[in-house]
Amino acid sequence: MTEGVQVLISVDQDSSVPPYEQVRGQLAELIGDGRLPVGSRLPTVRQLAADLRLAANTVARAYRELEVAGLLETRGRNGTFVAPGRDDAVDRLHRVAVEYAAEARRLGVPPDRAVALVRAALDAIRHD
């Protein structure tokens, strides 16, 4: 993302989904479907927090989780960018995860419960 381009996300303050998770999920979807291509520069934590009327720590947590997931990389004072070098398998799995998250939300399953279901499924496979 070049300077001056805005990230089109919003936060529903009345949602049961925590604001950081809304930000994380929407950014992950934008990255996963290519609307935020590799190398795109994201707004600073402070700028996005101001734009969304959130605490900086809320946006920082979303960015941190996306970085741990390999979707973002922080380049110090140069900013935060969509990470390069993801492989096709990770991209495909990310798309499935986005679909799973959307279905969980549609069904009214809280995020912590949806994650617990995935962990249980992964544990079951590991013990086969």
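Scroll up for the structure.
Residues numbered from 1 in each chain as written. Predicted model: local features only at pLDDT ≥ 70, side-chain atom pairs only at ≥ 80, totals over all residues. Heavy atoms only, no water.

Describing the nonpolar core
Most often, soluble globular proteins have nonpolar side chains that are buried together.
Here's step 1: Counting residues in hydrophobic clusters, the biggest one holds 20 residues, and the most contacted among them are Ile 9, Val 23, Leu 27, Leu 48, Leu 52, Tyr 63 and Leu 72.
Here's step 2: Elements supplying a minimum of two residues to this core: α1 (19-32), α2 (45-52) and α3 (56-68).
Here's step 3: With five residues, the single largest contributor to this core is α1.
Here's step 4: Not counting residues within four places of it along the chain, the set of residues in contact with Leu 52 comprises Ile 9, Ser 10, Val 11 and Val 23. (Core = buried A, V, L, I, M, F, W, Y, C linked by side-chain atoms within 4.5 Å. Buried < 20%, exposed > 50% of the residue type's maximum accessible area, 1.4 Å probe, protein only. Helix = DSSP H or I, 4+ residues; strand = E, 2+ residues; numbered from the N terminus. Contact = heavy atoms within 4.5 Å.)

Quick word on unusual backbone geometry
Here's step 1: Located in the positive-phi region is Arg 53, a residue other than glycine, with phi close to 60°.
Here's step 2: Looking at the secondary structure, you find Arg 53 in the loop between α2 and α3.
Here's step 3: For Arg 53, a relative accessible area of 75% gives the class exposed.

A short note on the sheet that holds strand β3 (residues 80-82)
Here's step 1: With antiparallel pairing, three strands are arranged side by side in an open sheet as β1-β3-β2. The sheet terminates laterally at β1 (41-42) and β2 (72-74), the two strands that pair on one side only.
Here's step 2: Across two bridges, β1 lies against β3 in antiparallel orientation. Across the sheet, Arg 41 pairs through a bridge with Phe 81, a residue of β3. (Pairing = 2+ DSSP bridges.)

Notes on the environment of Arg 105
Here's step 1: Topologically, Arg 105 is positioned in helix α4 (residues 88-107).
Here's step 2: With 89 residues separating them in the primary sequence, Arg 105 and Ser 16 have C-alpha atoms 9.8 Å apart.
Here's step 3: Aside from chain neighbours lying at most four places away, what touches Arg 105 is Ser 15, Val 17 and Gln 22.

A word on the packing of α2 against α3
Here's step 1: Relative to each other, α2 and α3 sit at 120°, their axes nearing to 8 Å. Classed by the angle they form, the pair α2 and α3 counts as oblique. In the packing of α2 onto α3, the handedness of the crossing is right-handed. Of α3, the residues touching α2 (which contributes Val 45, Leu 48 and Ala 49) are Ala 56, Val 59, Ala 60 and Tyr 63.
Here's step 2: For the contact of α2 with α3, the residue count by class is seven nonpolar, no polar and no charged. (Axes fitted to C-alpha atoms, helices over the stretch in contact; angles between N-to-C directions. Parallel < 35°, antiparallel > 145°, perpendicular 65-115°, else oblique. Left-handed = near helix turned anticlockwise from the far one by under 90°. Nonpolar A, V, L, I, M, F, W, Y, C, P; charged D, E, K, R; others polar.)

Describing the packing of aromatic side chains
Here's step 1: Counted under the stated rule, the structure contains zero aromatic pairs.
Here's step 2: Over the face of the ring belonging to Tyr 20 we find Arg 61, whose NZ or CZ atom lies 3.6 Å from the ring centre.
Here's step 3: If you follow Arg 75 out to its NZ or CZ, it ends over the ring of Phe 81, 3.9 Å from the centre. (Phe/Tyr/Trp six-rings, centres within 6.5 Å; stacked < 30°, edge-to-face > 60°. Lys NZ or Arg CZ within 6 Å of the ring centre and 35° of its normal.)

Quick notes on a nonpolar patch on the surface
Here's step 1: Among the surface-exposed residues, Tyr 100, Leu 117, Val 118 and Leu 122 lie close enough to one another that they form a single nonpolar patch of about 330 Å² accessible area.
Here's step 2: When residues of the nonpolar patch are assigned to their parent elements, the largest contribution, three residues, is made by helix α5 (residues 111-126).
Here's step 3: Within the secondary structure, Leu 122 is located in helix α5. (Patch = residues over 30% accessible without salt bridge, like charges linked within 9 Å, V, L, I, M, F, W, Y side chains within 5 Å. Areas by Shrake-Rupley, 256 points an atom, 1.4 Å probe, with all protein chains shown as cover. Salt bridge = Lys/Arg side-chain N within 4 Å of Asp/Glu carboxyl O.)

Some points on the environment of Ser 15
Here's step 1: Topologically, Ser 15 is positioned in the segment before α1.
Here's step 2: If near-sequence neighbours (up to four positions away) are discounted, Ser 15 is found in contact with Gln 22 and Arg 105.
Here's step 3: A distance of 3.0 Å separates a polar side-chain atom of Ser 15 from the backbone nitrogen of Val 17. (Polar contact = N/O pair within 3.5 Å; in protein donor to acceptor, adjacent residues only side chain to side chain.)

This is a description of form; function is not addressed.
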